[in-house]
Amino acid sequence: MPAETAREFEALEAQARTLMTTFIKAGHEAVAPAIIQPADIYLDVIGESVRARTYVFTDPDGDELCLRPDLTVPTCRLHIERHTAAEQKAKYCYNGAAFRFQPSGRDATHPREFRQAGIESFGAADHEKADAATLALVIEAVKAAGLGNFKLRIGDLGLFRALLAAADMPERWRKRLLHQFWRPEAFRTELKRLTVAPAGLAGSLPGRLIALIDPSKPQDAPRLLAKHMEENGIDLVGARTLAEITENLLVVAADVRAEPLSARTAQLLENYVGVVAPARAAGARLKDVVRSEGVDISAALDAYHRRLHLLAEMGVDVVHADFSAEFGRSLEYYTGFVFEIVSPELGQGSPLAGGGRYDGLLKMCGAASDQPAVGAAIHTERLLAAKRL
Amino acid sequence: MTERLQIALPSKGRLMEQTSELFAAAGLNVRKTGNERGYRGEIEGFDNVDVLFVSASEIAWYLKTGKAHLGVTGEDLVQEKISDYATRVVFLKKLGFGQADVVVAVPRCWIDVETLADIDAIAGRFREAHGRWFRVATKYLNLTRRHFSEKGFSDYRIVESLGATEGTPAAGTADFIVDITTTGATLAANGLKILADGVILKSQANLVASKAATWTPRHREAENELLRRLGA
């Protein structure tokens, strides 16, 4: 890969000035979080999978550090440093380098060092309004930077959460399905298992012990577990306590005895996941999907429509936007509205910008509780490339 | 690059002994050149082959960079040290020694866990109770990451461990491990069990060719003759 030329650098800087001017004019404060971040934070917040794409290193003191793979987590940390309670309303913007190892090789639109220009909005109580304002501002910025032709894709994880909450099943199954939502294959397997044979959840666990444990008599479980361990010469090793193991065995025992998930509920979830439609029509489609099953997710649907309405008011062309119920699956920390700006030339594999709502991230970064948060980042090298194509 | 074929062989331990036995049985007499403690050698009757004696993990690096045309090393090391091994090397022949499994092992007292999916199911609650993800001790960082990511498991942290990995759960530095095992006895002695779906790789010593090395017709000629003798 050729070294970056001075001219390329200047073109990116000029573009960044336009983007940042747009953000600042809209009331976002420009910040510059640290490039070197503690590796811990990323690994704890986003999980180990990110490490495979992050430049992690050890400094002479033996501390594990990384080159930031994005600017959202560093901006969250900066916000918490400034306001320990993190409840303060704030709007930030940034333009800076981020670094990602590219396992399938580097090229112009997948560089290992790239500049992200973005915005984050924390603490806004009106979620749909903040969602719409974030997307509208990013679109305004890429247009100001000279992008003419692009496609908008949206999704809404809030709808799936609402659907799951309204569907008839034990709470622990909702958690399992939500946990697996990010992995389509595992999600389908889980759904099938719950429908056909929840008893299969016990797998190769000791059947005799599971059969002895009665979920309605949790007080007996510790004694049964202790006896099983003694008889089999098993010592307690490691950080998990007997209480934790017992608690989970009770969950397994409850699953073994549970009525399977109804085929209709499973079908409903499958149907939902499969919805792909123009943004405006999607609401009606979703309504049809759930109505036949008597499930009520009208609050989440109202929020979806209100957001579209606000976006249209702010001048965003929602008529040509595409909705996909599955969209957002690969990004584990999003909790609600998600979007991507795609150029027809670079395609869906290389979005020019993306963002969404992530109400849990500030807490994961150290805030005392969940805080409303929505943001977006522009991949500036791709934006530049798309304008030239 | 030299016109002489470079073959990297293990420089110490059981792997070195078994490699020499294998070569000797094929009528290939490997001997060191110069100093008895040196790291270079030759094969009798092959005037176009250099032998490089290096550690098994370094052999993987020699193959990756093309410093050696051929090498004898464990499949586990190749998969661990070369992230895109399928494009960099070719496995020519399993050699029937150096067998070891890379496995996921958890404390036996985890009565409620038999598969990776079981760990996945309890990861969230563990985090709530302990304020951190599960820690996995291993020296196989890449193999572990690749395997877990294929299985869709992401709620863990790796703690790099360069020795006595099987003792880390009892010591409290990790919750479970990914390590190499031959009989499983060491794992059992440390109160650990292998998951039902816990075998990541059944490894053994392999004769491996580098795609990164420069191959001339003379190199190929030497390779063919060596392979013919080794029955590969």
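Reading the values: rules and limits
- Each residue is numbered by its place in its chain's sequence as written, counting from 1.
- Going through the entries in the order they are written, you letter the chains from A and number the ligands from 1.
- Totals for whole chains, interfaces and linings use every residue, but because this is a predicted model, local features are given only for residues with pLDDT of at least 70 and side-chain atom pairs only at 80 or more, for both listing and counting.
- For the purposes of this entry, the term helix denotes a DSSP run of H or I that reaches at least four residues, the term strand denotes a run of E that reaches at least two, and both are numbered from the N terminus.
- The contact criterion used here is simple: two residues whose C-beta atoms, placed from the backbone, lie within 7 Å are in contact.
- The exposure label follows from counting other C-beta atoms within 10 Å of a residue's C-beta, where the C-beta atoms are placed from the backbone and the thresholds are 20 or more for buried and 12 or fewer for exposed, leaving partly exposed in between.
- Between any two strands, pairing holds if DSSP finds at least two bridges.
- Fitted lines through C-alpha atoms serve as axes, helices being fitted only where they are in contact, and the angles separating the N-to-C directions of these axes extend from 0 to 180 degrees.
- Per residue, pLDDT measures the predictor's confidence, with a range of 0 to 100.
- For crossovers, right-handed means that the path from the first strand over the helix to the second runs clockwise, given strands pointing away from the viewer.
- For the purposes of this analysis, a nonpolar core is taken to be any set of buried Ala, Val, Leu, Ile, Met, Phe, Trp, Tyr and Cys residues that are connected through C-beta atoms within 7 Å.
- Multiply 1.5 Å by the residue count of a helix minus one, and that product is the helix's expected span.
- Small angles under 35 degrees read as roughly parallel and large ones over 145 as roughly antiparallel, with 65 to 115 read as roughly perpendicular and the rest as oblique.
- Helix crossings are classified by the rotation of the near helix relative to the far one: an anticlockwise turn of less than a right angle makes the crossing left-handed, while a clockwise turn makes it right-handed.
- Three categories are distinguished: nonpolar for Ala, Val, Leu, Ile, Met, Phe, Trp, Tyr, Cys and Pro, charged for Asp, Glu, Lys and Arg, and polar for the others, with Gly belonging to the last.

### Details of the overall build of chain B
Secondary structure assignment for chain B yields nine helices and 12 strands. Its C-alpha atoms put chain B at 65 × 30 × 30 Å along the principal axes. For chain B, the share of sequence-separated contacts (at least 6 apart) that also reach a separation of at least 24 residues comes to 67%.

### Quick notes on the overall build of chain A
Counting its secondary structure elements, chain A contains 15 helices and 12 strands. Going through the 389 residues of chain A one by one, you find that 42% of them count as buried. Expressed as a percentage of contacts within chain A between residues at least 6 apart in sequence, the contacts between residues at least 24 apart total 72%.

### Description of the sheet that holds strand S4 (residues 64–67) of chain A
Residue and element names in this part refer to chain A. Reading across the sheet, the three strands line up as S2-S4-S3 and stay open at both edges, with antiparallel pairing between neighbours. Every interior strand has two partners, whereas the edge strands, strand S2 (36–38) and strand S3 (56–58), have only one. The mean inter-strand angle of the sheet, taken between neighbouring strand axes irrespective of direction, is 40 degrees. By the bridge criterion, three bridges tie S2 to S4 in an arrangement that is antiparallel. Considered in S4, the bridge of isoleucine 36 is made with leucine 67.

### Some remarks on the confidence of the model for chain B
Close inspection of predicted coordinates is inappropriate in any region flagged by low pLDDT. On average, chain B scores 92 in pLDDT, and the residues at 70 or more come to 99%. Overall fold confidence (pTM) sits at 0.79, and the ipTM for the predicted complex is 0.84.

### Focus: unusual backbone geometry
With phi around 50 degrees, alanine 164 of chain B is a residue other than glycine that occupies positive phi space. Within the secondary structure, alanine 164 of chain B sits in the loop between strand S9 (156–160) and helix H7 (168–171).

### Topic: the pairing of S9 of chain B
Residue and element names in this part refer to chain B. Of the pairings in the sheet, the one linking strand S8 (residues 134–138) to S9 comprises five bridges and is parallel in character. Note that in S9 the partner of valine 136 across the bridge is isoleucine 158. Viewed along the sheet, the connection from S8 through helix H6 (residues 141–150) into S9 turns out right-handed.

### Describing the environment of glutamate 114 of chain B
Mapped onto the secondary structure, glutamate 114 of chain B falls in the loop between strand S7 (100–107) and helix H5 (116–130). When the C-alpha positions of glutamate 114 of chain B and leucine 195 of chain B are compared, they lie 5.2 Å apart, and in sequence the two are 81 residues distant.

### Quick word on the nonpolar core
Core analysis: the biggest nonpolar cluster contains 90 residues, and Val138, Val142, Leu352, Leu362 and Ile378 of chain A have the highest contact counts within it. The element best represented in this core is helix H4 (residues 127–144) of chain A, accounting for nine residues. Core analysis: the next-biggest nonpolar cluster, separate from the first, contains 42 residues, Leu249, Leu250 and Ala253 of chain A together with Ile200 of chain B among them.

### With respect to the sheet that holds strand S5 (residues 70–74) of chain B
Residue and element names in this part refer to chain B. Taken together, seven strands build an open sheet; the order of strands is S2-S3-S4-S1-S5-S12-S6 and the sheet is mixed. Among the strands making up the open sheet, the edge pair consists of strand S2 (30–32) and strand S6 (89–94). Along the sheet, successive strands turn relative to each other by an average axial angle of 35 degrees, direction set aside. Of the pairings in the sheet, the one linking strand S1 (residues 5–10) to strand S4 (residues 46–54) comprises six bridges and is parallel in character. Residue pairing for S4: alanine 8 is matched across the bridge by leucine 52. Across the sheet, helix H1 (residues 13–25) touches S1, S2, S5 and strand S12 (205–210), and the angle it forms with S1 is around 130 degrees. Here helix H9 (residues 217–230) sits on the sheet and contacts S1, S4, S5, S6 and S12; the angle it forms with S4, its principal contact strand, is near 75 degrees.

### Side note on the environment of arginine 153 of chain A
Residue and element names in this part refer to chain A. Mapped onto the elements of the fold, arginine 153 is located in strand S7 (residues 151–156). Residue arginine 153 is classed as buried on the basis of its C-beta count, with 20 C-beta atoms lying within 10 Å. Measuring from C-alpha to C-alpha, the distance between arginine 153 and proline 351 comes to 9.9 Å, with 198 residues separating the pair along the chain.

### Details of H5 of chain B
The end-to-end C-alpha separation of H5 of chain B is 20 Å, in line with the 21 Å expected for 15 residues at 1.5 Å each. On its buried side, H5 of chain B packs onto helix H6 (171–180) and helix H10 (242–257) of chain A together with S8 of chain B. Taken from the residues just after H5 of chain B, glycine 131 of chain B is the one with a positive phi, measuring 70 degrees.

### Describing the packing of H4 of chain A against helix H13 (residues 298–313) of chain A
Angle between the axes and distance between the axes are the two parameters that describe a pair of packed helices. All names here are of chain A. Where H4 meets H13, the closest approach of the two axes is 9 Å, and the angle between their N-to-C directions is 40 degrees. On the basis of their axis angle, the class for H4 and H13 is oblique. The two elements H4 and H13 cross, and the hand of that crossing is right-handed. Only Ala303, Arg306, Arg307, Leu310 and Leu311 of H13 make contact with H4, whose side of the interface consists of Glu128, Lys129, Asp131, Ala132, Leu135 and Ala136. Its residues assigned to classes, the contact of H4 with H13 comprises six nonpolar, no polar and five charged.

### Remarks on the interface of chain A and chain B
Chain A puts 32 residues into the contact, and the matching count from chain B is 32 residues. Contributing elements (two or more residues each) for the side of chain A that touches chain B: helix H2 (39–46), H6, helix H7 (184–196), helix H9 (221–231) and H10 of chain A. Considering each element in turn, the side of chain A that touches chain B owes the most residues, five residues, to H10 of chain A. Taken together, the residues that form the side of chain A that touches chain B break down as 16 nonpolar, eight polar and eight charged.

### A look at the packing of H6 of chain A against H7 of chain A
Residues and elements named next belong to chain A. The N-to-C vectors of H6 and H7 enclose an angle of 155 degrees; their axes lie 8 Å apart at closest approach. With respect to their mutual orientation, H6 and H7 come out roughly antiparallel. Considering the relative orientation of H6 and H7, their crossing is left-handed. Along its contact with H6, which presents Trp173, Arg176, Leu177 and Gln180, the element H7 presents Ala186, Phe187, Glu190, Leu191 and Leu194. Among the residues forming the contact of H6 with H7, the class breakdown is six nonpolar, one polar and two charged.

### So, H6 of chain B
Residue and element names in this part refer to chain B. The set of residues buried in H6 consists of Leu143, Thr144, Arg145, His147 and Phe148. Looking at the packing, one finds that the buried side of H6 touches helix H3 (75–81), S7, S8, S9, strand S10 (176–181) and strand S11 (192–203). Among the residues trailing H6, glycine 152 stands out with phi positive, at a value near 75 degrees.

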